[in-house]
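Summary of the model geometry
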Amino acid sequence: MEKSLFDLIKETENYIKSRVEKMPEIAVILGSGLGNLVDHMDVVAELPYKEIPNFPISTVAGHAGKLIFGNLGGKYIMAMQGRFHYYEGYDMKQVTFPVRVMKSLGVNTLFVSNAAGGMNKEFRVGDVMIITDQINLFPENPLRGRNFEELGPRFPSMTEAYSHELIKKADEIALEENIRIMHGVYVGTTGPTFETPAEYEYFRIIGGDAVGMSTVPEVIVANHSGMRCFGVSVITDLGGKDILIPPSHEEVTKAAETAQPVMTKIIKKLLERI
Ligand code: HPA
């Protein structure tokens, strides 16, 4: 008989528990060019994705692909260095499988970071945007299909997809640290194409401030599992009718790397306060 999602999660949970002594309550998913946060961690264990049963394997250049356990900002956390993108060919269940596993390990708070294109005219390249809400423009929802009540409700609420309390704390940190911080709605699309000028314009009209190719599926599953979420985007390029500079993967990675110290500071300080 084919294993159910529930069985697969349990199997992966058991493997991780056999390899790592202590389980965290906080997890961080590190996006493109933002993997250096782990350099600030006091690492106690590392598990390459390829050794973890049922984990998909990361294919995109620039993603190392491992789970890292350790301390940061005085908290014991796990970090996902490298995530799974829908555009790589994974289905929604694979993209969000690590979040299911996090929950089964005991994680109740999820931090996500990503690189995104800015549509809000106030934004500049290199800005950090706290995600206040999201719009799912993937052609699928990761919760489609059989619902396991043990994992969460059939019709979960998404009214506070990103924790207001964590946003407030991050705002306080940005103010204290003199960090220019933006707020906005993240639009999640499949990629791998960057947007046409008309598409950036369209995403702006429907209420988006930034657009990217990740995060939305993970945050849906995290909400389904009852986790509170906090997300930040680095604005790596700008898009719209009047912007004719084409974004490139190199540019996106470079801009994300430049913003790393600020991202790291916010995440570290936030960890200290929760
Ligand atoms: N569009 C989609 N995804 C992105 C972008 C963008 O402009 N920049 C970084 N990720």
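Going by the structure above, here's the rest.
Right, let's walk through the structure included here.

What counts, and where the lines are drawn
Residues numbered from 1 in each chain as written. Predicted model: local features only at pLDDT ≥ 70, side-chain atom pairs only at ≥ 80, totals over all residues. Heavy atoms only, no water. Patch = residues over 30% accessible without salt bridge, like charges linked within 9 Å, V, L, I, M, F, W, Y side chains within 5 Å. Areas by Shrake-Rupley, 256 points an atom, 1.4 Å probe, with all protein chains shown as cover. Salt bridge = Lys/Arg side-chain N within 4 Å of Asp/Glu carboxyl O. Helix = DSSP H or I, 4+ residues; strand = E, 2+ residues; numbered from the N terminus. Buried < 20%, exposed > 50% of the residue type's maximum accessible area, 1.4 Å probe, protein only. Phe/Tyr/Trp six-rings, centres within 6.5 Å; stacked < 30°, edge-to-face > 60°. Lys NZ or Arg CZ within 6 Å of the ring centre and 35° of its normal. Near = heavy atom within 4 Å. Polar contact = N/O pair within 3.5 Å; in protein donor to acceptor, adjacent residues only side chain to side chain. Nonpolar A, V, L, I, M, F, W, Y, C, P; charged D, E, K, R; others polar. 1 Å grid on protein atoms, 1.4 Å probe; cavity = no way out; pocket = protein on both sides within 12 Å on 5 of 7 lines; lining within 4 Å. Points joined across faces, edges and corners; volume = space filled by probe spheres on them. Core = buried A, V, L, I, M, F, W, Y, C linked by side-chain atoms within 4.5 Å. Contact = heavy atoms within 4.5 Å.

Points about a nonpolar patch on the surface
On the surface, L137, Y202, I205 and I206 cluster together into a nonpolar patch covering about 380 Å² of accessible area. Topologically, I205 is positioned in helix α4 (residues 197-205). We classify I205 as exposed; its relative accessible area is 68%.

Notes on the packing of aromatic side chains
Counting across every chain of the model gives nine aromatic pairs. An angle of 80° between the planes, with centres 5.4 Å apart, marks the rings of F84 and Y90 as edge-to-face. You'll find F84 and Y90 in the same group, each marked buried. Seen in terms of ring centroids, Y86 and F138 are 5.7 Å apart; in terms of plane orientation they differ by 85°. Their pairing is edge-to-face. Here Y86 is found in the loop between β4 (75-81) and α2 (92-105), whereas its partner F138 is found in the loop between β6 (128-136) and α3 (164-176), with 52 residues between them in sequence. Across from the ring centre of Y76, 4.5 Å away, lies the NZ or CZ of K22, which sits over that ring.

Observations concerning the site of the ligand
Taken together, A115, A116, G117, F194, E195, Y200, V211, G212, M213, T236, D237 and V252 make up the full set of residues near the ligand. Between the ligand and D237 there is a distance of 2.6 Å, counted from an oxygen atom to a side-chain nitrogen or oxygen. Within the complex, the protein chains bury 96% of what would otherwise be the 260 Å² of accessible surface of the ligand. Looking at the shell around the ligand, the elements that each hand over two or more residues are β5 (109-118), β8 (210-212) and β9 (228-238). Of the residues that constitute the shell around the ligand, the class distribution is seven nonpolar, three polar and two charged.

Some remarks on empty space enclosed by the protein
Under the counting rule described, the total for this entry stands at two cavities of 30 Å³ or more. Of the volumes computed, that of the largest cavity is approximately 50 Å³. Every residue lining the largest cavity is listed: L5, K93, R100, P142, L143, R146, N147, F148, L151 and H224. Within the lining of the largest cavity, the residues separate by chemical class into five nonpolar, two polar and three charged. What lines the second largest cavity is L34, L37, S113, Q260, M263, T264 and I267. Considering each element in turn, the lining of the second largest cavity owes the most residues, four residues, to helix α6 (residues 249-273). Here the lining of the second largest cavity is composed, by residue class, of four nonpolar, three polar and no charged.

Some thoughts on the nonpolar core
Nonpolar side chains tend to gather and get buried jointly when the protein is soluble and globular. Grouped together as the largest cluster of nonpolar side chains are 81 residues, with contacts concentrated most on I16, L67, F69, M102, L110 and F230. Dropping the residues within four chain positions of it, I16 is found in contact with M23, L47, I52, L67, F69, V101 and L105. By size, the runner-up hydrophobic cluster in this structure holds five residues, among which are M119, Y200, F203 and V211.

Description of the pattern of salt bridges
Counted by the stated rule, this structure contains 14 salt bridges. With a closest N to O distance of 2.9 Å, E13 and K10 form a salt bridge. One end of the pair, E13, and the other, K10, are both in helix α1 (residues 5-19), three residues apart, so they sit about a helical turn from each other. Take K10: its relative accessible area is 36%, and that puts it in the partly exposed class. As a salt-bridge pair, K17 and E13 come within 2.8 Å of each other at their nearest N and O atoms. Here K17 pairs with E13, and both are found in helix α1, just four residues apart, close to one helical turn. E13 gets classed as buried once you look at its relative accessible area, which sits at 6%. Through salt bridges with shared partners, a single ionic network connects K10, E13 and K17.

These figures capture arrangement, not role.
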